[in-house]
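Listed below, chain by chain, are the residues.
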Amino acid sequence: MKPIFFHFLIILFSLSTCFGQNTEVNYFKKLNSKEKNVIVNKGTEYPFTGEYNKHFELGSYHCKACDSPLYRSNSKFESNCGWPSFDDEIKDAVTRHSDNKLGYNRIEICCSKCGGHLGHVFKGEKLTPKNVRHCVNSISLVFKPLVPNK
Ligand SMILES: [Zn+2]
């Protein structure tokens, strides 16, 4: 019995260190199944249904999983595509990956801090002077209003 018990302790110990080091697991653990479907499994919410599609207030949009600030409200614009659209990100907040899931190349965007899926970025649509559209799932974001200084 003794060696088995010892073995059990080792497994418990390695599990705890594993979770301690892998912060991504911790960031995603608190998400509900709808949020996980987009943020972890790289799904897409239905167009025109997201909380921030028609949301235009002063503030910043943060990662739902790790709270990292991703976009400022002054980069948000109405694209009528059905998802929140931004023409710029907060510096280094967003990482780009090549995505060929649909049979053609798209650029996937993820939170640089936790790797959570945000959406895709498109260029050359001439919608804003910056000519870039970050097409982001509302469910990947949390809006924080700008509190004016007193
Ligand atoms: Zn994140």
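Refer to the preceding data block for the structure.
Only a predicted model underlies this, so the values are computations on that prediction, with no experimental measurement involved.

Definitions and cut-offs
Residues numbered from 1 in each chain as written. Predicted model: local features only at pLDDT ≥ 70, side-chain atom pairs only at ≥ 80, totals over all residues. Helix = DSSP H or I, 4+ residues; strand = E, 2+ residues; numbered from the N terminus. Contact = placed C-beta atoms within 7 Å. Core = buried A, V, L, I, M, F, W, Y, C linked by C-beta atoms within 7 Å. Buried ≥ 20, exposed ≤ 12 C-beta atoms within 10 Å, placed from the backbone.

Tracing the chain through its elements places Lys-130 in the loop between β7 (117-123) and β8 (132-136). Along the primary structure Lys-130 and Asp-88 are separated by 42 residues, whereas in three dimensions their C-alpha atoms are 7.8 Å apart. Setting aside residues no more than four positions away along its own chain, Lys-130 makes contact with Asp-87 and Asp-88.

Of all hydrophobic cores here, the largest spans 19 residues; its most connected members are Ala-65, Leu-70, Val-94, Cys-111, Leu-118 and Val-136. Listed by contribution, the elements that provide at least two residues to this core are α3 (33-39), β1 (59-63), β2 (69-72), β6 (106-111) and β8. Once you skip the residues sitting within four places of it in the chain, Ala-65 turns out to touch Tyr-27, Phe-28, Leu-31, Ile-39, Cys-111, Cys-114 and Gly-116.

Despite not being glycine, Asp-67 has its phi angle at roughly 75°, a positive value. Relative to the elements of secondary structure, Asp-67 occurs in the loop between β1 and β2. Of note in this structure, Asn-131 is not a glycine but carries a positive phi near 60°. Structurally, Asn-131 can be placed in the loop between β7 and β8.

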